[in-house]
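Each chain, letter by letter, is given below.
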Amino acid sequence: MPPRAVLVCALLACLLACARADAAISASDLTAEEYYSMPQLFHLDEYESCVATRGVYCLGSFELSPDGESRVFRLMQEYSSNWVDNFNHTRLHRGLCVSRRCSDSNTALQVPEPSMDSWFASCVNASTMSSHNLSARLYQLDYCQRGQESARPLDAADRAFPVVLAALAALAGVSTALELLLSPQTKKEYQWALCWSLPGCWRALRAPPPAVSAAGDLRVFDGVRVFCMMCVIIEHVCWLSTISYLTDIRYFETIRRSGDAILLGNSTLVVQVFFLMASFLLAHKILLQTSKGSMPPWRSFFSTMINRIIRISPSYYMVVWFAASWWARLGAGPQWAPRVAAEAAVCRAKWWVHLLYLNNVLDADNKCLVQTWYLAADMQLYAVALLLTLALARWRRGALPTLMALLLISVGGLFAVSYWLKLVSTFVMHNPEVVRVKYYGDLSFNILYQSPLGNAPGTLAGLLLAYVHHEMLERNKQPQQYRWFRWVTSAGAPLAMWWAAWSPLLLGAGAPERAPAAALAALERPVFSLFVGLALLGAMHGVQPIWVRFFAWRGWGPAARLSFGALLLHMPINTALIAARRAPTEFNRLSIIVEWFGVAGAAYLAALPLALLVELPAQRLQRALEQLCRAPPPEPRPQPVEKTNL
């Protein structure tokens, strides 16, 4: 069977898994009449006119309880018991113009500030008692405000941010002028002064990918990086829609078990590809240096870590600074305070934790730019992978057994921790109610999803891939000549998709059992990383199914270099877009696709100035200073001899 046939068969298996997911949708569910007999889950009153007329607008969540026996409330409890797929319908979320809905507008001016929340609570309670004979208790108040709230006063950090932006723009202007005016010889002597040159940074952004060499074909990495970044963006588009106020909740809950929704909900497994590629490229570089003879291990460790920190930190710190200072000032809306302003306050409080790359382990429940957990985990695992690689590079014979043993130990440890603490897999973790509170207090997110422990399998898989790759190179093997190798590696990418779409079905519908949930939580990342590693191994050794030829296109290079900026910026952009909406969000396949491309396009466009003014100049400055330090001192010029000394 040729590799193309294997690819087709694996894709068919993926489609069968999706069809199996559709079949798993239980029609137990409720008829339309039963469903809509329950109270509406989300509601937002008109915001703009309320605050413009100095009305009282409140946003909060309520817990319902029956006043005696209630068939509707029992129905709500039974339906909400499937917490994996459904919202908790015994909790309502309301944004009301209280002064307009529960009294005339003049009363609003007479209510003191501390009494607004009581007014809000009594207003909603009266409504639910009247419509469903259910009492409503306010359990979370997001805010109550009279009229438009004034912005927070500017502090030193707020004032400094635009000054730094102006300084960066000035540096770019001066550096660009120097590049255009100086002679070629002078430019070589003063490379450090040209680091912010826009033409130079643009050339660096558009530099061609590395050519195929004896060390392997790595062209596919750029395309894979862009694809995984797009997967992350669409998953976050759906994620942010879930934490907002939605319109058709029944549609959302019905498609939760459809094949494409399971694949999408489990698509965060692609983050393992980033860990895998980072550790592979690290080990690949160290092994090449070791074969040529290089610097001592301790010096290599510090040099490599400094390079990594300079590669990531400038752009990362600038975006965190923006989120802590000016982000909350750029909009308004009924959901702006709990979505943007509250997160900006977290950024102001724990900016130093981000500075140390510890935001995934210190105060992990309070999240500033939730996607940046990856940068912290990546930096931590990068240091561990570097130490492992330097240690094993001088003991090559035992490298593969050691890494395989470490991978098995990590899987066993994940299973033990998952069983002990009742942790769940990725798809189950992304259930609606946990997503709504941004995983606050959720151990599965803190221990499995964003910690170094949970992501160690992806890093170890990358190290294994590097050592297997170099073993093949050193033995001068040509694995692409073997049919079995072409079959296995060609099926790697489709099998990874199949695993992401099918693995959640192993647990069945509803709340999972403890042991199967722990087993899947421990295995889902290693198995996915194994399939991706097989696919990349084939691509590096000349196996070229259609997806390899697609991702090996040289045009992916600039987009791949902008993907880091897109990772940082797509969440602030999308969060602001959601929070500024005056009406609940419409959630359907078409709207998600449109928003996906809109957010991705905006994120990559915003990543361009970030790369040209911050990321690339910092890297160019580091290289220029290193060359300056390594350059030999200039030879002294001969002094003219004075005639009086003759």
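This text goes with the structure placed above it.
Only a predicted model underlies this, so the values are computations on that prediction, with no experimental measurement involved. (Residues numbered from 1 in each chain as written. Predicted model: local features only at pLDDT ≥ 70, side-chain atom pairs only at ≥ 80, totals over all residues. Heavy atoms only, no water.)

**Focus on the environment of Ile255**
Along the polypeptide, Ile255 turns up in the loop between helix H12 (249–254) and helix H13 (259–265). Spatially, the C-alpha atoms of Ile255 and Arg589 are 9.7 Å apart, while their sequence positions differ by 334 residues. (Helix = DSSP H or I, 4+ residues; strand = E, 2+ residues; numbered from the N terminus.)

**Brief notes about the packing of aromatic side chains**
In the structure shown here, the tally under the stated rule is 35 aromatic pairs. An aromatic cluster is defined as three or more aromatic residues linked by ring pairs; in this entry it consists of Trp239, Phe274, Phe275, Trp373, Tyr374, Tyr439, Phe445 and Tyr449. Over the ring of Tyr139 we find Arg91; its NZ or CZ atom is 4.7 Å from the centre of that ring. A cation over a ring is seen here: Arg250 above Tyr35, with NZ or CZ 5.8 Å from the ring centre. (Phe/Tyr/Trp six-rings, centres within 6.5 Å; stacked < 30°, edge-to-face > 60°. Lys NZ or Arg CZ within 6 Å of the ring centre and 35° of its normal.)

**Quick look at the side chain of His236**
For His236, the location among the structural elements is in helix H11 (residues 220–243). Here His236 is in contact with Gln371, His570, Met571 and Asn574, once residues within four sequence places are set aside. (Contact = heavy atoms within 4.5 Å.)

**Considering the nonpolar core**
By size, the foremost hydrophobic cluster in this structure holds 175 residues, and its most contacted members are Val224 and Leu536. With 16 residues, H11 is the largest single contributor of residues to this core. Residues within four places of Val224 in sequence aside, it is in contact with Val273, Met277, Leu536, Trp547 and Phe551. If you look at the next biggest cluster of nonpolar residues, it comprises seven residues, including Leu414, Leu423, Leu448 and Ala522. (Core = buried A, V, L, I, M, F, W, Y, C linked by side-chain atoms within 4.5 Å. Buried < 20%, exposed > 50% of the residue type's maximum accessible area, 1.4 Å probe, protein only.)

**Quick word on helix H24 (residues 483–490)**
Along H24, the residues that are buried comprise Phe485, Thr489 and Ser490. The buried side chains of H24 occupy one side of the element, clustering within an arc of 120° when seen end-on. In H24, those exposed residues whose orientation departs by more than 90 degrees from the buried face are Arg483 and Trp484. (Arc of directions from axis to C-beta.)

**Digging into the sheet that holds strand S3 (residues 91–97)**
The sheet built from four strands is open, its strands ordered S1-S3-S2-S4 with mixed pairing. Strands at the two margins of the open sheet, each flanked by one partner only, are strand S1 (42–44) and strand S4 (134–146). For this sheet, the mean angle separating the axes of adjacent strands, direction not counted, is 15°. Two elements, strand S2 (residues 56–66) and S4, share 11 bridges in a ladder whose sense is antiparallel. Bridge pairing links Leu64 to Ala136 in S4. Its contacts with the sheet place helix H4 (residues 71–80) against S2 and S4, and it is angled at close to 95° to S2. Helix H7 (residues 116–132) contacts S2, S3 and S4 of the sheet and is inclined by roughly 145° relative to S4. (Pairing = 2+ DSSP bridges. Axes fitted to C-alpha atoms, helices over the stretch in contact; angles between N-to-C directions.)

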